[in-house]
Amino acid sequence: MLDILFASLSLALIFVFAATLFRFRKHNKKRAVERHHYLRGLNYFLEDETDQALQSLLDIAESSPETAEIQLALAVLFRRKGEVDRAIQIHQALMSRKNLRPEHRVKAMSGLGEDFMKAGLLDRAEMLFEELVSNGVASNKVLDYLVSIYEQEKEWKNAINSALRLERQSEVRMGKRIAHYYCELAQEQIRHHEIAAARDYLTQALAKDPECARATVLDARACEDNKDSYGALKKFKRSLEQDPELLALVIPDIVRLYRLHNDEQGLYEFLRAGLDGRNSLTMGLALTEIYQKREGNPVAVKYLNEHSESHPSLAGLSMLLHFVDSDENPENLLTEARRVVKRLQDKQSKYCCQQCGFAGQIHHWRCPGCASWNSVKPVQ
Ligand SMILES: [Zn+2]
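Conventions we followed
- Residues numbered from 1 in each chain as written.
- Predicted model: local features only at pLDDT ≥ 70, side-chain atom pairs only at ≥ 80, totals over all residues.
- Helix = DSSP H or I, 4+ residues; strand = E, 2+ residues; numbered from the N terminus.
- Buried ≥ 20, exposed ≤ 12 C-beta atoms within 10 Å, placed from the backbone.
- Contact = placed C-beta atoms within 7 Å.
- Core = buried A, V, L, I, M, F, W, Y, C linked by C-beta atoms within 7 Å.
- Pairing = 2+ DSSP bridges.
- Expected span 1.5 Å × (residues − 1).
- Arc of directions from axis to C-beta.
- Axes fitted to C-alpha atoms, helices over the stretch in contact; angles between N-to-C directions.
- Parallel < 35°, antiparallel > 145°, perpendicular 65-115°, else oblique.
- Nonpolar A, V, L, I, M, F, W, Y, C, P; charged D, E, K, R; others polar.
- Left-handed = near helix turned anticlockwise from the far one by under 90°.

What follows deals with the overall build of the chain. From N to C terminus, the chain includes 19 helices and three strands. Expressed as a percentage of its 380 residues, the buried residues of the chain come to 33%. Of the contacts made within the chain by residues no fewer than 6 positions apart, 39% connect residues no fewer than 24 positions apart.

What follows deals with the environment of Glu103. Here Glu103 shows up in helix α6 (residues 102-118). Note: C-alpha distance between Glu103 and Val137 (34 residues apart in sequence) is 9.3 Å.

Before going further, it helps to spend a moment on the nonpolar core. Core analysis: the biggest nonpolar cluster contains 82 residues, and Leu146, Tyr182, Ala186, Leu202, Ala205, Leu218 and Ile254 have the highest contact counts within it. Those residues in contact with Tyr182 that sit more than four places away from it in its chain are Tyr201, Leu202, Gln204, Ala205 and Lys208.

This part takes up the sheet that holds strand β2 (residues 359-360). The three strands lie next to each other as β2-β1-β3, forming an open sheet whose pairing is antiparallel. The open sheet has two edge strands with one neighbour each: β2 and β3 (376-378). As paired elements, strand β1 (residues 351-353) and β3 share three bridges and run antiparallel to each other. From the neighbouring strand, Tyr351 faces β3, where its bridge partner is Pro378.

So, on to helix α8 (residues 140-152). In a regular helix each residue adds 1.5 Å, so 13 residues correspond to 18 Å; α8 covers 18 Å between its end C-alpha atoms and thus fits that length. Looking only at α8, the buried set comprises Val142, Leu143, Asp144, Tyr145, Leu146, Val147, Ile149 and Tyr150. Lys154, located one to two residues past α8, shows a positive phi value of around 55 degrees.

If you check the backbone angles, Lys154 has positive phi at about 55 degrees while not being a glycine. The residue Lys154 is located in the loop between α8 and α9 (156-169) in this model. According to the C-beta neighbour criterion, Lys154 is exposed, with 11 such atoms within 10 Å. Look at Asn374: it is not a glycine, yet its phi comes out positive at around 60 degrees. Looking at the secondary structure, you find Asn374 in the loop between β2 and β3. The class for Asn374 is exposed, based on 11 C-beta atoms found within 10 Å.

Before going further, it helps to examine the environment of Asn305. Locating Asn305 in the fold gives a position in helix α17 (residues 297-310). Along the chain, Asn305 and Arg339 lie 34 residues apart, while their C-alpha atoms are 9.8 Å from each other.

The next subject is helix α19 (residues 330-347). Taking 1.5 Å per residue, 18 residues should reach 26 Å; α19 reaches 26 Å between its end C-alpha atoms and fits that length. All buried positions along α19 are accounted for by Leu333, Glu336, Ala337 and Val340. The buried side chains of α19 occupy one side of the element, clustering within an arc of 105 degrees when seen end-on. The exposed residues of α19 that point more than 90 degrees off its buried face are Glu331, Thr335, Arg338, Lys342, Gln345 and Asp346. Contacts made by the buried residues of α19 are with α17 and α18 (314-326).

This part is about the packing of helix α4 (residues 68-80) against α6. Two numbers describe how α4 lies on α6: the axes approach to 11 Å, and their chain directions differ by 10 degrees. By the angle class used here, α4 and α6 are roughly parallel. Mapping the contact onto sequence places Ala68, Leu72, Ala75, Val76 and Arg79 in α4 and His104, Lys107, Ala108, Gly111, Glu114, Asp115 and Lys118 in α6. Residue composition of the contact of α4 with α6, by class: five nonpolar, two polar and five charged.

Following both chains from N to C, one finds helix α10 (residues 175-191) and helix α12 (residues 213-225) inclined at 15 degrees, their axes separated by 10 Å at the closest point. One element, α10, and the other, α12, form an angle in the roughly parallel class. The handedness of the crossing between α10 and α12 comes out as left-handed. Along the contact surface, α10 presents Ala179, His180, Cys183, Ala186, Gln187 and Ile190, while α12 presents Arg214, Ala215, Leu218, Arg221, Ala222 and Asp225. Looking at side-chain class alone, the contact of α10 with α12 contains seven nonpolar, two polar and three charged residues.

Below you can see the structure in the form of structure tokens.
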């Protein structure tokens, strides 16, 4: 997104240079000096030499201070250089002009809002951007800024309104983000046990993004708050259909609810079916416990060892050691435990890039992740 903004900003500046150059060309005898400054400025700009481009623009601005385009371009260059105060001054001076053309006023207001954002004055940026919205002249960029301001301020209703407006006037699809804003609102209501209000927001979240697993998980928690544990279990399971990656997050709740219903058989069938396609640590450990209860220690240990083969983990190791206390032949279990430790060691990354976090088993003098030299170091 920033790339696109930067590219469009650069294009706009090139356009200002070129348009003014064209105007000078019509009076080339009178304005030869300005034209020279312009060509030089355009070159500097194209070569990305902000300081020199800025100086050229200042030279021209001095001879024709009334030209709004030049002032606008100057302000952008000042902001880009980090001199936000000067950018603010220029934009404010422009806005105080009585005869400023409407399109220039809109640009000056948007620019001033961006200056305020850069200076960290979010509430002042918000006021300017909202004024542009109520005048019906907010660009996509302005709406995008508003959305991110409201996100930072956690003003979710305003974020939703701005995002919906952005969707209406552009190709940008905001459904997934808007669904999260509704979830934030729902979460607030759940905290205050206002379940009906929370449900209302969750329905709206799912209307914007039917695959929003977060809304379904929150709905499950709302069910529990309403003492509807069967409804909650159904919703937790539904969230896994929406996003299987959430497994580790919701499995403890699913196991807990099955046990609350004294439905060990249901839990067993669910875990067996779930483990067919993928392998989760929490599911594996829950299944081990069920085998222990149903068929005794040897079957449970055998299952745990198979599971640890492909998914060695500290939690699995701890469970294995737990069996040692009650086992008649603990030596076999300790041998297995040593194997798990070895597998865990092998799995651990030995080298890590201090620049980008790339991790692996082999040392590289040049990081395959970020191409930095000498940044991959042994993990201490
Ligand atoms: Zn790296």
